[in-house]
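If you want the building blocks of each chain, they are given just below.
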Amino acid sequence: YVVVAAALSLALAGGCGNSSSSSGGGGKKLTLIQGIANEPFYISMYCGAKDEAARLGARLSVQAPAQWDVAQQTQVVTSVAASRPDAVLIAPVDKDAMAGPVRQLTGNGSKVIFVDTELSDQSVGLSRVSSDNRLGGRLAAQTLAKQIGDKGKVMVLAPTRGIATTDDRVAGFKEEIAKHPGITLVSEQYPGDDAGKATEIVNGELSKSPDLAGIFASNLVTGEGSAASLKQAKKVGKVKLIEFDASPKQVEDLRAGTIQGLISQEPLEIGRQGVDQAMNALGGKPVTKHIQTRLVAVTKDNLDSPDVAKYLYKQ
Ligand code: T6T
């Protein structure tokens, strides 16, 4: 099964060429373990990591679970640990449940760098490269507040509790919303890694609160589910939708008016910097413990400006 998931993620790794890169002989062996296979954010991250590995003469392979799931990612980690790469870049799917499996990697001698998500246990891993997700949640709330004229009912969705990134985004969102007396958070929902479930939940909320003003979907899958619900309920544009990430499909939906704002990350840069830190560690150079990449709030107004275009995820 693990082989199947890995093969799938290799086959669909996107427009960044082969699954591994080598400048020939003697290169360090790096493995990237994504949170989930075939997903635009992680594909971009892989592209950035792959380019950087090629530039530095390292070999990079990529593995991922087919779904966002602790048991599935544990299987992937166990097989990677057995292959003893020099370093592993990993986005753990749960900040606590993945601590044991990640320790297998360090126990087998691999240097560990967290990319995107991370563990609660700060003693594991040499470096953490991610967006400032709390800030991203605050930005989402500010963008939504503007869109709804600073008043009304809003809801927030994340896949599950326990994901380092989306937990921080929800916390940042709530922190900012609390500063807007005209806005009430009526619902905080965790549909799992399942767009269909997210659609059902938003459908339910729309029946319960027909005057719902806005939604913050804190990642791609919850965004996809929320957009589908608004389409079904014919509420597109009436209920303002802010999503994290900026996949080609999300950008298309922003242009079409289904989505009013995207909080875009720099997945290419996260991949690149993750490889740099791994290579620093392997070369005995200083390693930066915490690197925060940039975020930008994208709306229809700035979508076509060159400053913003570079934030949209390339595949
Ligand atoms: O938002 C990204 C990523 O940052 C997060 O950790 C999980 O979801 C995504 O991969 C988007 O689906």
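Structure: see above.
Below is a short write-up of the structure. (Residues numbered from 1 in each chain as written. Predicted model: local features only at pLDDT ≥ 70, side-chain atom pairs only at ≥ 80, totals over all residues. Heavy atoms only, no water.)

Quick look at the sheet that holds strand 2 (residues 59-63) now. Taken in spatial order, the 6 strands line up as 2-1-3-4-5-11 in an open sheet, and their pairing is parallel. Since the sheet does not close on itself, it has two edges, and those belong to strand 2 and strand 11 (290-293), each with one partner. Averaged over neighbouring strand pairs, the angle between their axes works out to 20° when direction is ignored. Together, strand 3 (87-90) and strand 4 (111-115) form the strand contacts of helix 4 (residues 99-107), whose direction differs from that of strand 4 by roughly 140°. (Pairing = 2+ DSSP bridges. Helix = DSSP H or I, 4+ residues; strand = E, 2+ residues; numbered from the N terminus. Axes fitted to C-alpha atoms, helices over the stretch in contact; angles between N-to-C directions. Contact = heavy atoms within 4.5 Å.)

Our next topic: the pattern of salt bridges. Counted under the stated rule, the structure contains 15 salt bridges. As a salt-bridge pair, Asp 167 and Lys 95 come within 2.8 Å of each other at their nearest N and O atoms. Residue Asp 167 is found in helix 6 (residues 164-177), and its partner Lys 95 is found in the loop between strand 3 and helix 4; the two are separated by 72 residues along the sequence. When its relative accessible area of 18% is taken as the criterion, Asp 167 is described as buried. Given the relative accessible area of 22%, Lys 95 is considered partly exposed. Where Lys 179 meets Glu 176, a salt bridge forms, and the shortest distance between an N and an O atom there is 3.6 Å. Residue Lys 179 is classed as exposed on the basis of its relative accessible area, which comes to 57%. Look at the salt bridges and you will find they share partners, linking Arg 134, Arg 138 and Glu 175 into a network. (Salt bridge = Lys/Arg side-chain N within 4 Å of Asp/Glu carboxyl O. Buried < 20%, exposed > 50% of the residue type's maximum accessible area, 1.4 Å probe, protein only.)

Rolled over the atoms, a probe as big as a water molecule pinpoints where empty space is left. Looking at the largest pocket, its volume works out to about 520 Å³. Taken together, 30 residues line the largest pocket, and the ones lying closest to its centre are Glu 39, Asn 219, Leu 220, Val 221 and Glu 224. Mapped by element, the contributors of at least two residues to the lining of the largest pocket are helix 2 (40-56), helix 6, helix 8 (220-232) and helix 9 (248-256). For the lining of the largest pocket, the element with the highest residue contribution is helix 8, accounting for 6 residues. Split into classes, the residues belonging to the lining of the largest pocket amount to 11 nonpolar, 9 polar and 10 charged. (1 Å grid on protein atoms, 1.4 Å probe; cavity = no way out; pocket = protein on both sides within 12 Å on 5 of 7 lines; lining within 4 Å. Points joined across faces, edges and corners; volume = space filled by probe spheres on them. Nonpolar A, V, L, I, M, F, W, Y, C, P; charged D, E, K, R; others polar.)

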